[in-house]
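In case you want the letters, here they are:
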Amino acid sequence: MSEWEGFDFEEEEEISYGFSDYLLAPIKFASGTFKAVRQKPKLTYWIALLLIATLFALIPSYIQASKVEIKVVGEGVSEDVIKMVEATQEMFMKNPAFLGITIFISSLIIQLVGGVVYFLISKVMGGEGSFSSHLMVVGMTSVPTIVMSLLEIPFFMTSPPIQITIDLRTGKSQGAVASDPMLQVLSMLMALWSAAVIYYGAKYTSKLDSDEKALIVAFIMYLVLILPVILSLVI
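Everything quoted here is computed from the prediction, not taken from an experiment.

Caption draft 1: Looking closely at unusual backbone geometry. A positive phi angle is found at F29, which is not glycine, with a value near 50°. Within the fold, F29 resides in the loop between α1 (19-28) and α2 (31-39).

What follows is the structure, given as structure tokens:
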């Protein structure tokens, strides 16, 4: 007689999911999709959603950049050098391709770092799942990012132009894009939505054994998500 005879083992049924399920999981909060991500992470979905979020984020970023007027000054600096610096700054700030690449790379780094933090916290709490599955949960927060990008469009379309003066002699610049208080509030609300996604991920992807642990993970990740907003208020 086998030593395991008489014991019943509950096998978790494998759940299939497509890209639309992954895209809608942060909206529907479908526990089945979060479980499926743990069973079979598909990083192609994560990259695809990140690219979509980048395209949406590019719209308000380009509108905002198009309203920035750059003026380069410098006592004793030749007019040719000043014009060259102005042209270079204009190219980097207002070129859609450069803006898109910058947004994608920065979003990629943020999500990778967030995935590492989320994975390590979950493991400390006794969670399951691979790093890839945790990264995919973090990738779901691209959906709140898309919504935020859409909300930013009317703000930046009606915002006044801003002039940034760069002094080549001192290396300092004056003038900056002002942060709208309403956008900061919306950013914190989107971060709260993202934290709710992380909470569901902690429950069903990491399979933490209590709601309290899932809440702790979500709260820590929320603090990480709103850190840029806090820094913008302090600095």
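Caption draft 2: Up close: the pattern of salt bridges. A full pass over the atoms with the stated rule returns 2 salt bridges. As a salt-bridge pair, D211 and K203 come within 3.5 Å of each other at their nearest N and O atoms. Among the residues examined, D211 registers a relative accessible area of 37% and is labelled partly exposed. Given the relative accessible area of 25%, K203 is considered partly exposed. The salt bridge partner of K213 is D209, with a shortest N-O separation of 3.2 Å. Classification of K213 as partly exposed rests on a relative accessible area of 26%.

Caption draft 3: Molecular detail of the packing of α1 against α2. In the contact formed by α1 and α2, the axes pass within 9 Å of each other and the chain directions differ by 125°. By the criterion of interaxial angle, the relationship of α1 to α2 is oblique. Considering only the axes of α1 and α2, their crossing is left-handed. Along the contact surface, α1 presents D21, Y22 and A25, while α2 presents T33, F34 and V37. By residue class, the composition of the contact of α1 with α2 is 4 nonpolar, 1 polar and 1 charged.

Caption draft 4: Structural detail: helix α7 (residues 142-157). With 16 residues, α7 should cover 22 Å at 1.5 Å per step; its first-to-last C-alpha distance of 23 Å lies within 8% of that length. At L151, α7 shows its strongest bend, of approximately 25°, with the proline P154 following within four residues. Residues of α7 that are buried: S142, V143, P144, I146, M148, S149, E152, I153 and F156. Residues of α7 that are buried sit in contact with α1, α3 (43-66), α5 (96-124), α6 (131-139) and α8 (181-205).

Caption draft 5: Fine view of a nonpolar patch on the surface. On the surface, I216, F219, I220, L223 and V224 cluster together into a nonpolar patch covering about 410 Å² of accessible area. Looking at the element boundaries, V224 is found in helix α9 (residues 211-234).

The rules we used
Residues numbered from 1 in each chain as written. Predicted model: local features only at pLDDT ≥ 70, side-chain atom pairs only at ≥ 80, totals over all residues. Heavy atoms only, no water. Helix = DSSP H or I, 4+ residues; strand = E, 2+ residues; numbered from the N terminus. Salt bridge = Lys/Arg side-chain N within 4 Å of Asp/Glu carboxyl O. Buried < 20%, exposed > 50% of the residue type's maximum accessible area, 1.4 Å probe, protein only. Axes fitted to C-alpha atoms, helices over the stretch in contact; angles between N-to-C directions. Parallel < 35°, antiparallel > 145°, perpendicular 65-115°, else oblique. Left-handed = near helix turned anticlockwise from the far one by under 90°. Contact = heavy atoms within 4.5 Å. Nonpolar A, V, L, I, M, F, W, Y, C, P; charged D, E, K, R; others polar. Expected span 1.5 Å × (residues − 1). Bend = angle between axes of the 7 residues up to and from the residue. Patch = residues over 30% accessible without salt bridge, like charges linked within 9 Å, V, L, I, M, F, W, Y side chains within 5 Å. Areas by Shrake-Rupley, 256 points an atom, 1.4 Å probe, with all protein chains shown as cover.

By themselves, these figures tell us nothing about what the structure is for.
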